[in-house]
Amino acid sequence: MIALAPVGKRLFFPAIIALGLCLPPGFAFATEWDDCGARPAEKTELACAAIIGDAARSDADRARAYVNRARVYSNDQKLNLALPDLDAALGLDNRSVPALLMRGFVFQRKNAFDAAAADYDRAIDIDPRNVGGFLSRGNLRLILRRWADAQTDFEAALRLAQDSAPAHVGRGRVYLETGELDNALNELNTAIAIAANFPNAYFWRGQIYRRKGDIDHGIEDFSRAIAQTPRKEIALYFARGRLYSAKGDYARAISGFNSVLAVAPDNSEALQLRQSAEATQAELGKTPSAPPLDRAASAVGNQETRPPGVAPVAAPGPSGPALTDQARQLFDQSKFAEAIEVLGRALSADPHNEGALRLRVVSRLRLNRAAEACADLDELIRQKPNDVAALSLRGATLVSLKQTDKGIQDVEHALSIDPNSATALTYRGMINRLLRKYPEALADLDRSISINPKDGLAFTERGLTRLAMNDPNKSLVDFDQALALNQRNDQARAARGHALLMKGGSAEGIADLNIVLERDPNNQIALLGRGIAMLSSGQFDRAVVAFSQIIGKTADDTGARLLRARAYLAQKDTKGAMVDADYVSKLRPDDPELLTVRGLIWSAMQDYARAIADLDRAVAKHETVEDYIARGKAYEATNDSTRAASDFRHALQLAPKSIFDFVAQAAVKQKVEQLEKRVPCGNSGGSDKGGTCL
């Protein structure tokens, strides 16, 4: 498969898993040619053929049409048809870098490596500032096992474009092949931070984890690569199937090898691996099975999902060891209500059982029963007045209960006892996030992580803070790190799913949310994410139900109310939408998200003056694509085409940050085309579009 996908302002072929061929910056298929561009293959082939056969067309136009048609042939593995088209393109324009790079790739696929290298070399000679040339040649040199030369090419690409995710992947692969696994992992983490939806990066990071013996992380990365790749890539299913076999999960391994055979029925390696997995599974079925590996790991690893300093459960006293043990197992299975019932019995036998109290605190918090958790924390602090972890957690819990002053007092008291307590800093960061003091939250969380870089809660909290600041890319790095510390950190996984959805990565995001909800059907972040998925997919009635499950059950449900208002608005229920907006406005009258949503509601009610007033305030606080487009539509409705055009132009220049920005930006392009015909161009801001200013 060869598919174009954006990374920054560049285009690349992300799904050539083994090769990673890259197109040069600026190589975009000519959309002005109607269908001879990045459209359905059938239309592209026919439209390009029409341009090629039109003698009135310029040589440059026909050369580009040959390249575009060759792309279609290459996608369909018709290399013998692609090659003559690329030769023809170069016959018309022998300095066409796109044609040289694509022909080099076709030669590479046909194992004509010398010819491929010659094309890549010539492309670089013609345009030595073209990142695609160095990336393509670097990948060829990887195949030829010329590690030092490949690294030189990738570093040349990075000098031209420091944010080139494919270049970081390439250099990471060099490190992987030369045994520098930590450097390789750093490169792949950087690539993923730059481009969170780049399947090559997850594939190669999965290979690094496999080499390091980290099976679970390897499986997760291969799964993410599969979710991001539109077509079935057998290399991905092979890689994941092998790791499932290594883990002893033969049923999933067999399923993976079946996926390979569905694409390539005669693949002998897949047949052999499936037969081996089936034979081992059958043999194991004859003997008593050992406990699953992940069950044993979860009993230890799940401690990371509990607040630091509180999660480890002390050894139970003689009054109820069996009960406390039973409750711990229930907690690890996300059966929090059952754990609380068992802990109640343990504490009835021994009210001073510290381990039972700590575990009941966390269980109650996971069920959003903050007031009851606070009562248990009171008892813990009576027993140990200088317990920094308990004081910090009580502080955060009190803030969630709107007892802000008392909560801050608790966490400051904890920090006075131990100014370098990573736990106390994490909770103060959490409090600052809840109070929407985001810079202060980041400062606390950065310091906490510097003191204790193995605290998954701190990374989760920093990710949530960055997500609240509309920075999903950086938040994903934090959530990934939290999950690297502990795969069963459901808060981090749910938040990562939420972030992926907000970026438009629905397949990956929903996969994360489903994993969490399967274990914990009441996880509030996952429920919120599921509502967003339904809202963005047009299931507005179900979205209303999903958000209603959250509202009233958390200390701060304003975010869910604004999302429900959007769902009501999509159903044309402006009254219901305004009820939610009014509720939020009493608590957060200057919140930019509120102003955006209320502006949309006013526009739907045709009260454009109020809509523009709210959207003016929203834009002043935080510019988003959606704000400009919403205000532009309000201006258009009041026949102010000049201001409407200006807002739409701003919207097209901004990078979308959320799913709502993506949807709004896609919808506005047609508006721009209409307004181009209506907005005259004055003396300022000249135009090359027939006298218009857009």
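Right, let's walk through the structure included here. (Residues numbered from 1 in each chain as written. Predicted model: local features only at pLDDT ≥ 70, side-chain atom pairs only at ≥ 80, totals over all residues. Heavy atoms only, no water.)

### Focus: the overall build of the chain
1) Next: Looking only at helices and strands, the chain features 36 helices and two strands.
2) Next: Scored against the burial criterion, the 694 residues of the chain give a buried share of 52%.
3) Next: Within the chain, contacts between residues separated by at least 24 positions form 52% of all contacts whose residues are at least 6 apart in sequence.
4) Next: Within the structure as shown, the chain displays about 30,400 Å² of accessible surface, and the carbon and sulfur contribution to it stands at 50%. (Helix = DSSP H or I, 4+ residues; strand = E, 2+ residues; numbered from the N terminus. Buried < 20%, exposed > 50% of the residue type's maximum accessible area, 1.4 Å probe, protein only. Contact = heavy atoms within 4.5 Å. Areas by Shrake-Rupley, 256 points an atom, 1.4 Å probe, with all protein chains shown as cover.)

### Here we look at the packing of aromatic side chains
1) Next: Within the structure shown, the criterion is met by three aromatic pairs.
2) Next: An angle of 50 degrees between the planes, with centres 5.7 Å apart, marks the rings of phenylalanine 203 and phenylalanine 222 as tilted. One end of the pair, phenylalanine 203, is in helix 10 (residues 199–212); the other, phenylalanine 222, is in helix 11 (residues 215–228), with 19 residues separating them in the sequence.
3) Next: One aromatic cluster is present, formed by Phe203, Trp204 and Phe222 through successive ring pairs.
4) Next: Over the aromatic face of phenylalanine 660 sits the side chain of arginine 566, whose NZ or CZ is 3.9 Å from the ring centroid. (Phe/Tyr/Trp six-rings, centres within 6.5 Å; stacked < 30°, edge-to-face > 60°. Lys NZ or Arg CZ within 6 Å of the ring centre and 35° of its normal.)

### So, unusual backbone geometry
1) Next: Of note, arginine 145 is a non-glycine position whose phi angle comes to about 60 degrees, a positive value.
2) Next: Tracing the chain through its elements places arginine 145 in the loop between helix 6 (131–143) and helix 7 (147–160).
3) Next: By relative accessible area, arginine 145 is classed as exposed at 57%.
4) Next: One non-glycine residue with positive phi stands out, namely glutamine 606, at about 65 degrees.
5) Next: Considering the arrangement of structural elements, one finds glutamine 606 in the loop between helix 32 (592–604) and helix 33 (608–621).

### A closer look at helix 24 (residues 456–468)
1) Next: The end-to-end C-alpha distance of helix 24, which contains 13 residues, comes to 18 Å, matching closely the 18 Å that a straight helix rising 1.5 Å per residue would cover.
2) Next: Across the 13 residues of helix 24, twelve count as buried, placing the element largely inside the fold.
3) Next: Taken together, the buried positions of helix 24 are Gly456, Leu457, Ala458, Phe459, Thr460, Glu461, Arg462, Gly463, Leu464, Thr465, Arg466 and Leu467.
4) Next: In this structure, the buried side of helix 24 is in contact with helix 22 (422–434), helix 23 (438–451), helix 25 (472–485), helix 26 (490–502) and helix 28 (524–536).
5) Next: Measuring from the backbone nitrogen of leucine 457 back to the side-chain oxygen at the start of helix 24 gives 3.0 Å, which picks out aspartate 455 as the cap.
6) Next: Asparagine 470, located one to two residues past helix 24, shows a positive phi value of around 60 degrees. (Expected span 1.5 Å × (residues − 1). Polar contact = N/O pair within 3.5 Å; in protein donor to acceptor, adjacent residues only side chain to side chain.)

### Observations concerning the pattern of salt bridges
If charged atoms from side chains of opposite charge come close, those side chains can pair.
1) Next: Throughout the structure, instances matching the rule amount to 52 salt bridges.
2) Next: A salt bridge links aspartate 378 to arginine 394; the shortest N-O distance between them is 2.8 Å. Of the two residues, aspartate 378 sits in helix 19 (residues 370–383) while arginine 394 sits in helix 20 (residues 388–400), which places them 16 residues apart along the sequence.
3) Next: A relative accessible area of 28% places aspartate 378 in the partly exposed class.
4) Next: According to the relative accessible area criterion, arginine 394 is buried, its value standing at 17%.
5) Next: The partner of arginine 588 in a salt bridge is aspartate 591, with the nearest N and O atoms 2.7 Å apart.
6) Next: Each of Glu220, Arg224, Asp480, Arg493, Arg496 and Asp512 takes part in one network of salt bridges that share partners. (Salt bridge = Lys/Arg side-chain N within 4 Å of Asp/Glu carboxyl O.)

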